[in-house]
6 protein chains.
Amino acid sequence: MIYITRRERFSAAHRMFREDWTDEKNQDLYGNCSNPNWHGHNYELFVTVKGSINPETGYLVNLKDLSRLLQNAVIEKMDHKNLNIEVDFLKGKILTSENIAIAIWHELNFGIQSLGAELHCVKIIETENNYVEYFGN
Amino acid sequence: MIYITRRERFSAAHRMFREDWTDEKNQDLYGNCSNPNWHGHNYELFVTVKGSINPETGYLVNLKDLSRLLQNAVIEKMDHKNLNIEVDFLKGKILTSENIAIAIWHELNFGIQSLGAELHCVKIIETENNYVEYFGN
Amino acid sequence: MIYITRRERFSAAHRMFREDWTDEKNQDLYGNCSNPNWHGHNYELFVTVKGSINPETGYLVNLKDLSRLLQNAVIEKMDHKNLNIEVDFLKGKILTSENIAIAIWHELNFGIQSLGAELHCVKIIETENNYVEYFGN
Amino acid sequence: MIYITRRERFSAAHRMFREDWTDEKNQDLYGNCSNPNWHGHNYELFVTVKGSINPETGYLVNLKDLSRLLQNAVIEKMDHKNLNIEVDFLKGKILTSENIAIAIWHELNFGIQSLGAELHCVKIIETENNYVEYFGN
Amino acid sequence: MIYITRRERFSAAHRMFREDWTDEKNQDLYGNCSNPNWHGHNYELFVTVKGSINPETGYLVNLKDLSRLLQNAVIEKMDHKNLNIEVDFLKGKILTSENIAIAIWHELNFGIQSLGAELHCVKIIETENNYVEYFGN
Amino acid sequence: MIYITRRERFSAAHRMFREDWTDEKNQDLYGNCSNPNWHGHNYELFVTVKGSINPETGYLVNLKDLSRLLQNAVIEKMDHKNLNIEVDFLKGKILTSENIAIAIWHELNFGIQSLGAELHCVKIIETENNYVEYFGN
């Protein structure tokens with residue numbers, strides 16, 4: 001069993017809030033992250049997959065294939081986008097890093113299996129001071 | 001003459017576009033940075049000041065004072081904000097990093113003189129692959 | 001189950017030595033880390049907590065609460081301090097990174113439970129070339 | 001149980017290819033990494049060991065001993081070398097990061113036991129966008 | 001006058017030596033950097049250009065154009081290549097970072113003028129412990 | 001004219017205070033940096049030298065010689081030391097980063113000339129949020 005991690009990056013706008021709450025309640029819980037005019041981040045996404053090495057190639061997966069999957073399934077949909085409005089698989093969710101990581105896991109899970117590996121971890125770094133990891137359960 | 005640099009960070013949403021241009025022309029020049037639904041970044045701001053050391057204190061400037069100035073004059077106005085809509089000193093500008101750096105220079109210049117130093121450089125890092133520097137002329 | 005990690009930093013002086021050993025024996029084992037006149041580091045502390053997401057807020061824990069806990073329970077007691085002399089929960093310990101990580105674990109464990117999460121890992125980075133992790137047992 | 005990680009770095013040339021394949025087939029799978037004239041990287045090696053703290057010293061292992069082991073068993077053999085030609089324990093292997101990590105594991109495993117610790121993880125960072133981890137099985 | 005810096009990266013093999021010197025003399029001066037079997041690095045290239053902002057676009061230069069120039073004129077020729085053998089503009093040079101930086105300057109100078117800017121600095125980072133800068137004279 | 005920069009690191013304890021001031025006045029100006037029990041930092045030192053390339057070797061200076069000079073003249077005297085008590089060339093100074101940078105400049109200036117280069121800049125990074133640069137006048 002070997003583990004490989006690929007980093008991709010995206011920049012996006014978002015806002016944390018619940019429509020059924022007042023502005024005051026949103027502000028109280030989410031602080032300036034609930035700014036109605038949006039704010040944004042440079043996100044780093046680290047995706048770790050695991051499995052056994054193909055003895056013929058020496059690869060667990062070809063990183064070009066893994067990178068292409070991440071680009072198609074996640075980055076192109078999120079980069080320079082408004083996460084609340086423009087990303088289908090985030091619709092209706094409260095856009096904490098926790099929920100973003102879990103949503104990305106579900107977008108990637110089958111594609112990574114089709115590459116012959118198993119998804120191990122989705123890690124989202126929002127700032128240099130905090131990150132979230134999801135291991136699938 | 002000694003040089004001191006202080007880093008502050010802010011996260012913000014923005015959009016690059018000209019109102020007098022069509023969406024196509026904006027898209028053509030600014031690419032996905034002109035996304036009408038905004039996108040965002042974690043910005044790093046490095047401000048370099050210069051001057052002579054105060055022999056009584058060993059300081060050029062007290063970093064607490066410099067940091068407070070940067071917070072009051074720039075960071076509180078930009079962090080978790082929409083740069084196009086909510087920042088008075090950016091109103092009406094095309095929000096390239098070039099223009100943001102110059103605008104921040106003018107916000108800081110007098111305040112730094114009042115600390116007994118001279119503003120030397122405003123540097124804006126938008127992503128790990130590019131940054132802009134302005135030296136005042 | 002989701003994992004969230006928060007980084008805090010502190011700068012401190014310390015010295016590694018045993019009072020019941022001669023200076024030679026201390027120097028032999030701890031090298032220049034046993035310098036009687038102290039030395040110091042910029043430490044990075046990464047605290048990882050785990051638990052389930054609160055469906056109402058989308059948070060595992062509010063990072064403001066987690067950061068405040070780390071500040072109150074650890075950073076304010078250690079930052080710009082002498083770890084051997086001024087930190088109550090380190091008194092009488094040999095101040096290797098191993099022992100510092102375990103001591104911080106015990107300072108944080110109950111507070112993190114009171115935030116509704118479980119402490120998963122305390123990681124201490126002393127230099128860019130080495131770090132220590134403690135998982136509670 | 002405590003975990004300690006030590007970083008060492010090395011720069012080396014390598015090439016990914018199978019002698020029994022045509023240049024086209026190698027190029028097809030390994031891309032420009034199969035360049036017959038070699039290419040190279042600055043590798044970062046992170047080795048994590050685990051075990052219990054020696055109560056007499058406060059150490060799991062003395063980092064000087066761990067660093068010396070890594071230097072002698074791995075770095076001196078790999079730094080500024082051609083991995084395909086000059087490294088005995090890599091002879092005949094396809095030099096993916098996966099295979100390099102596993103080979104380093106076997107070079108280090110007994111030496112780390114002789115330091116009184118257990119090898120937990122070998123991590124190889126080839127570029128800032130990808131890394132490989134091996135946990136021994 | 002504003003300054004913009006773009007980072008690009010490449011990985012390459014190289015060797016420092018003079019053909020008219022003995023192996024001993026090369027080894028004596030260049031150490032393990034003269035290894036006849038090559039070694040390699042992940043290089044970071046920072047290119048700084050300067051000029052005045054185009055008031056119509058808010059740009060000094062469009063970063064897409066600058067990046068494309070760097071890719072075409074430098075990165076595609078150097079990435080995953082053997083610098084001594086495969087790079088036309090480095091032929092016959094001693095491949096210290098000093099000489100590499102100056103050679104890249106001359107490859108880029110006219111192209112950057114054709115973008116409407118002036119080349120200010122070429123910076124080459126070979127390892128995290130040293131870098132070289134060239135300002136054109 | 002080419003510029004080369006070498007990084008070295010050291011960890012040290014220090015305290016900022018004036019003996020002729022009361023504890024209150026020191027605390028007022030220097031905050032927790034005047035803690036009588038010391039505190040410490042991991043410092044990064046970047047030394048930039050300039051000059052012309054030796055056409056015979058392709059070097060401005062041999063980095064091994066530059067590194068040895070920095071080690072002998074600065075790092076061995078400061079690493080794991082108490083800067084106020086144990087470093088001869090800092091005796092009697094207020095140990096702000098400003099004064100440390102200038103003192104290091106004077107320690108290095110002649111030695112770098114004897115390597116055939118000219119000292120251009122001494123840069124001291126105390127934390128990731130601030131640094132000081134001195135250019136010699």
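Residue positions are given per chain, counting from 1 as you read along its sequence in written order. Written order decides the labels, with chains lettered from A and ligands numbered from 1. Only residues with pLDDT of at least 70 get local features here, since the model is predicted, and only at 80 or more are side-chain atom pairs given and counted; chain-wide, interface and lining totals rely on the full set of residues. To get the side-chain values, all heavy atoms of the structure are used, and hydrogens and water are removed first.

Q: Outline the relation of the copies chain A and chain B, listing residues and values.
A: In this comparison the copies share one frame, found by least squares on the C-alpha atoms of residues holding pLDDT of at least 70 in both. Note on the copies: chain A fits chain B at an RMSD of 0.0 Å, the axial shift is 0.0 Å, and the rotation between them is 180 degrees. Each copy turns onto its partner about a two-fold axis. Working rule for contacts: check all heavy atoms of both residues, and any pair within 4.5 Å makes them a contact. Both copies share a contact surface, since 100% of the interface residues of chain A are interface residues in chain B too.

Q: Quick one: what's the story with the interface of chain B and chain E, residue by residue and with numbers?
A: At the junction of the two partners, chain B supplies 20 residues and chain E supplies 19 residues. For any pair of parts, buried area is found by adding up, for both, the accessible area (1.4 Å probe) each one loses once the two are put together. The junction of chain B with chain E conceals about 1700 Å² of combined surface from both sides, 49% of it contributed by carbon and sulfur atoms. When the buried surface of chain B facing chain E is broken down by residue, Glu98(B), Asn129(B) and Tyr131(B) rank first, second and third, together holding 32% of it. By salt bridge we mean one thing: a side-chain nitrogen of Lys or Arg within 4 Å of a carboxyl oxygen of Asp or Glu. Across the salt bridge formed by Arg7(E) and Glu128(B), the nearest N and O atoms sit 3.0 Å from each other. Throughout this description, a polar contact denotes any pair of N or O atoms lying within 3.5 Å of each other; where both atoms belong to protein, one of them has to be capable of donating a hydrogen while the other can accept it, and for residues adjacent in sequence the pair is counted only when both atoms sit in side chains. Linking chain B with chain E are ten residue pairs in polar contact (both at pLDDT 80 or more). Among the secondary structure elements, those contributing two or more residues to the side of chain B that touches chain E are helix H1 (23–30), helix H4 (97–114) and strand E5 (130–134) of chain B. In DSSP terms, a helix is any run of H or I states spanning at least four residues, a strand is any run of E spanning at least two, and both are numbered starting from the N terminus. Looking at the side of chain B that touches chain E element by element, the count peaks at five residues for E5(B). Pairing of E5(B) with strand E1 (residues 2–14) of chain E, which is carried by five bridges, proceeds in the antiparallel orientation. Bridging across to E1(E), Asn130(B) finds its partner in Arg6(E). At least two bridges found by DSSP between two strands are what make those strands a pair.

Q: Just give me the short version of the side chain of Asn26(F), but keep the residues and values in it.
A: All names here are of chain F. Residue placement: Asn 26 occurs in helix H1 (residues 23–30). On the basis of relative accessibility, which here comes to 1%, the residue Asn 26 falls in the buried class. When sequence neighbours within four positions are dropped, the list of residues in contact with Asn 26 reads Phe 17, Arg 18, Trp 21, Gly 31 and Ser 34. Note on classification: 1.4 Å probe, protein chains only; a residue is buried when its accessible area is under 20% of the maximum for its type, exposed when over 50%, partly exposed between these limits.

Q: Quick rundown of the pairing of strand E4 (residues 118–127) of chain B? Include the residues and the values.
A: Along any regular strand the residues' side chains alternate between the sheet's two faces. Residues and elements named next belong to chain B. Most of E4 is tucked away: eight of the ten residues are buried. The pairing of strand E2 (residues 39–51) with E4 spans seven bridges and is antiparallel. Bridging from a neighbouring strand, Thr 48 pairs with Cys 121 of E4. Bridging between E4 and E5 involves five bridges; their strand directions are antiparallel. Bridge pairing in E5 places Ile 124 opposite Val 132. Between E4 and E5, which pair antiparallel and follow one another directly, the connecting turn spans two residues.

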